[in-house]
Amino acid sequence: MLLDGKVAVITGAGGALGAAMAIRFLEEGAKLVLTDVSQPRLEAMLQELNVGARAIAVVADATNETDTNKIVTEATAAFSTIDVWINNAGLARDATMRKMTVDDFDLVIDVHLKGAWLGTRAAADWMRDHGGGSIINVSSISGKVGNPGQTNYSAAKAGMVGLTKAAAKEVGFAGVRVNAIQPGLINSPMLDAMPEKVQASRLSEIPLGRFGEPTEVADVVVFLASDMSRYMTGTVLEISGGRNL
């Protein structure tokens, strides 16, 4: 198994991508620290996964420094170490610039970019003193090309790419790898909320002719978490079916 014995933190674990990652990581032998702002979502996940002591849940706000440090404390208390940290927490507040409120801009930047920075910092601080590890930031293809109505989301996801590259240069000497992924249109509640006309237009731009599945994103994350990618850091892998080449 690719992740046998490794301990992985997944933020935003209550969403579709987080759940897919959790399942795949367990299949590959990992132990999990699942975090989310919603305790009911985490409790439901633990019940569904049904893996006993191999997974714990930590209610935490990705934008809160104290909560982020609590994740490290509880993860290391339960499993003694942290080998993988996935900054996956996210949300959307779409609107054109004219209609977008400053609060909605700030919220999206905070959750995605500040949250990823706090998580990267906390994980790197632990890993650099304990033999290294793998940090994976969940950006988006929107951070590469920008989407109308998503100036907040696109800016945050582009910022995560810069964060990934800068952090990789800072902590590579200690064996800490920092990489990012950029999923495209993935079957999820966020895609379901998109009008059918818009979905059809976006689908026509994908060379592979279909939307992606959360499990296909999770497979790439497993690769970046495992020793198969041991000579990769500062990279950004697109998982978009070829859209926006």
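Please read these numbers as outputs of a predicted model, since none were measured by experiment.

K.L.:
Before we move on, can you summarise the nonpolar core with the specific residues and values?
P.N.:
Counting residues in each nonpolar core, the largest one holds 30 residues, and the members touching the most others are Met21, Phe25, Leu32, Leu34 and Ile86. Every residue in contact with Phe25, bar those within four places of it in the chain, is listed here: Leu3, Ala8, Ala30, Leu32, Val84, Ile86, Val221, Val222 and Ala225.

K.L.:
An account of the pairing of strand S4 (residues 84–87) is requested, with residue identities and associated values reported.
P.N.:
The two faces of S4 match: Val84 and Ile86 on one face and Trp85 and Asn87 on the other face are all buried. Note that strand S1 (residues 7–10) and S4 share 3 bridges and pair parallel. Its bridge partner lying in S4, Ile10 is registered against Ile86. Pairing of S4 with strand S5 (residues 133–138), which is carried by 4 bridges, proceeds in the parallel orientation. Bridging across to S5, Trp85 finds its partner in Ile135. As a crossover connection, the stretch from S4 through helix H4 (residues 102–128) into S5 is right-handed.

K.L.:
How would you summarise helix H3 (residues 65–79) if you had to cite specific residues and measurements?
P.N.:
Helix length check: H3 (15 residues) gives 21 Å between terminal C-alpha atoms against 21 Å at 1.5 Å per residue, within 8%. Looking at H3, one finds that the buried residues are Asp67, Thr68, Ile71, Val72, Ala75, Thr76 and Phe79. Looking at the packing, one finds that the buried side of H3 touches S1, strand S2 (31–36), strand S3 (55–59), S4 and H4. Regarding H3, its N-cap is Asn64, as a side-chain oxygen of that residue lies 2.9 Å from the backbone nitrogen of Thr66 further along.

Calculation rules
Residues numbered from 1 in each chain as written. Predicted model: local features only at pLDDT ≥ 70, side-chain atom pairs only at ≥ 80, totals over all residues. Heavy atoms only, no water. Core = buried A, V, L, I, M, F, W, Y, C linked by side-chain atoms within 4.5 Å. Buried < 20%, exposed > 50% of the residue type's maximum accessible area, 1.4 Å probe, protein only. Contact = heavy atoms within 4.5 Å. Helix = DSSP H or I, 4+ residues; strand = E, 2+ residues; numbered from the N terminus. Pairing = 2+ DSSP bridges. Right-handed = clockwise from strand over helix to strand, strands pointing away. Expected span 1.5 Å × (residues − 1). Polar contact = N/O pair within 3.5 Å; in protein donor to acceptor, adjacent residues only side chain to side chain.

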